[in-house]
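A look at the structure
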Amino acid sequence: YWLNAVNLLGAGAPVIMVMNKADLRLKHIDEASFKDKFPNIAGFLQVSCVSGLHLPELTEALRTAFSKMPHLLDKLPKRWMDIRDELQNHPGNYISLEDYCAICRNHKMDRDQALFLSDYLHDLGIILHFRQDPVLADTVILKPGWATGAVYALIDSLDIQKNKGRFKRSELGRYWDKEKYPPVKHHQLLHLIGKFEMCFPIAGSVGNDEYILPELLPHERPSIDIDAYRSAENLQLQFAYDFMPAGIVSRFISRLHFLIRQDHYWKNGVELTFSGSTALVMGDETQKRIRVSVSG
């Protein structure tokens, strides 16, 4: 799965396959077949972190792989790196945009230069700054793990799991540590999770207070007239994948939640309505297929 994911999303990034605990066991794999299917594999190593077996070879393999990456020797202004280091050493999980710009001013950079740098650091994953988003633009997240931790705190909540992915915005204090995730940031965090396409508001809930994590939706399909979508008059589409990454359907549901018909959505599918037509979208992870039937 991970080799396929890297192959799909990694833009040819080199991969080194490493088996640890070689002091306890040996496992042989068909390296030639892996290499044939994934030509970006740069090496196979069996190591032991206890005995140090082959760790020097692993270090050298990493050096070699890095040396062949074209952007390794890009020259960057020293003050960029000084600002990066200051941000990484900052004790907070986030700062305001104005505080970030103040740090940059201390390093002789104006606001436009600071915003250009924030885009660069955001692309590298060092910080998160969605400066084109009006809800998130004024906050620079210094520790991306702080944001992902908020997501997993919801996904790992037994209460939300038992409630089939449903939770209330007004009750976020139950799931998030108040010191780490102060209530004043709840609105932005929820918006950010929605931007990651990992949750959406339930249409028609009182005060738009209820949300759904589609990753936790039940596998059972709700009561939908499936036969109506089998008509020869319907438009039938099928998307077939050699490799279908997990989460495509749940992200699709999040992205088009405003088109959901009634409460017709589940873990691997959704019924949508638009301009007098309806559509049934269903994913099949086993067969690596997504089927779409449009009626109307």
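Description of the structure in this document.

Parameters at a glance
Residues numbered from 1 in each chain as written. Predicted model: local features only at pLDDT ≥ 70, side-chain atom pairs only at ≥ 80, totals over all residues. Heavy atoms only, no water. Phe/Tyr/Trp six-rings, centres within 6.5 Å; stacked < 30°, edge-to-face > 60°. Helix = DSSP H or I, 4+ residues; strand = E, 2+ residues; numbered from the N terminus. Buried < 20%, exposed > 50% of the residue type's maximum accessible area, 1.4 Å probe, protein only. Pairing = 2+ DSSP bridges. Right-handed = clockwise from strand over helix to strand, strands pointing away. Salt bridge = Lys/Arg side-chain N within 4 Å of Asp/Glu carboxyl O. Contact = heavy atoms within 4.5 Å. Polar contact = N/O pair within 3.5 Å; in protein donor to acceptor, adjacent residues only side chain to side chain. Patch = residues over 30% accessible without salt bridge, like charges linked within 9 Å, V, L, I, M, F, W, Y side chains within 5 Å. Areas by Shrake-Rupley, 256 points an atom, 1.4 Å probe, with all protein chains shown as cover. Axes fitted to C-alpha atoms, helices over the stretch in contact; angles between N-to-C directions.

Notes on the packing of aromatic side chains
Each pair of aromatic rings is reported with the distance of its centres and the angle of its planes. Applying the stated criterion across every chain, the model contains 10 aromatic pairs. With centroids separated by 6.0 Å and ring planes inclined at 50°, the aromatic side chains of Trp 80 and Phe 116 adopt a geometry described as tilted. Taken as a pair, Trp 80 in helix α4 (residues 78-88) and Phe 116 in helix α6 (residues 111-124) lie far apart in primary sequence, 36 residues in all. Here Trp 80 falls in the buried class, since its relative accessible area comes to 13%.

Thoughts on the sheet that holds strand β5 (residues 166-168)
The antiparallel open sheet is built from 3 strands, whose spatial order is β5-β7-β6. With one partner strand each, in any of the chains shown, β5 and β6 (200-201) form the two edges of the open sheet. Of the pairings in the sheet, the one linking β6 to strand β7 (residues 210-212) comprises 2 bridges and is antiparallel in character. Across the sheet, the residue bridging to Pro 201 is Tyr 211, located in β7.

Remarks on the pairing of strand β1 (residues 15-19)
The sheet contact formed by β1 and strand β2 (residues 41-46) spans 5 bridges and is parallel. Residue pairing in the sheet places Ile 16 in a bridge with Gly 43 of β2. With helix α2 (residues 31-37) bridging β1 and its parallel neighbour β2, the resulting β-α-β unit is right-handed.

Thoughts on the pattern of salt bridges
The full count for this structure, using the stated rule, is 12 salt bridges. With its nearest N and O atoms 2.9 Å apart, the salt bridge here joins Arg 131 to Asp 119. Residue Arg 131 is located in the loop between α6 and β4 (139-141), and its partner Asp 119 is located in helix α6; the two are separated by 12 residues in the primary sequence. Classification of Arg 131 by relative accessible area gives partly exposed; the value is 29%. Judged by its relative accessible area of 27%, Asp 119 falls in the partly exposed class.

What about the environment of Gln 46?
As for its placement among the helices and strands, Gln 46 is situated in strand β2. Assessed through its relative accessible area of 22%, Gln 46 is described here as partly exposed. The spatial distance from the C-alpha of Gln 46 to the C-alpha of Ser 96 is 46 Å, given a sequence separation of 50 residues. Once residues within four sequence positions are removed from consideration, Gln 46 is found in contact with Met 19, Ala 22, Leu 26, Lys 27, Leu 53 and His 54. Here the side chain of Gln 46 touches Lys 27 through a polar contact of 2.7 Å, landing on its backbone oxygen.

Here's the deal with a nonpolar patch on the surface
A surface patch of nonpolar side chains, about 430 Å² in accessible area, is lined by Leu 62, Phe 66, Leu 72 and Leu 73. Inspection of the secondary structure puts Leu 62 in helix α3 (residues 55-67). Residue Leu 62 is classed as partly exposed on the basis of its relative accessible area, which comes to 38%.

Describing the sheet that holds strand β11 (residues 277-284)
Pairing is antiparallel across the open sheet formed by 5 strands, whose spatial order is β8-β12-β11-β10-β9. This sheet does not close on itself; its edge strands, each paired only once, are β8 (235-240) and β9 (260-266). The average angle at which neighbouring strand axes cross in this sheet is 15°, direction not considered. Bridging between β11 and strand β12 (residues 289-295) involves 7 bridges; their strand directions are antiparallel. Pairing of Gly 283 across the sheet is with Ile 290, part of β12. Strands β9, β10 (269-274), β11 and β12 of the sheet are contacted by helix α10 (residues 248-255), whose axis makes an angle of about 30° with β10.

A short note on the environment of Pro 182
As for its position among the elements, Pro 182 is in the loop between β5 and α9 (186-195). A C-alpha to C-alpha distance of 40 Å links Pro 182 and Asp 284, two positions 102 residues apart in sequence. Non-local contacts of Pro 182, meaning those with residues more than four positions away in its chain, are made with Tyr 94 and Asp 177.

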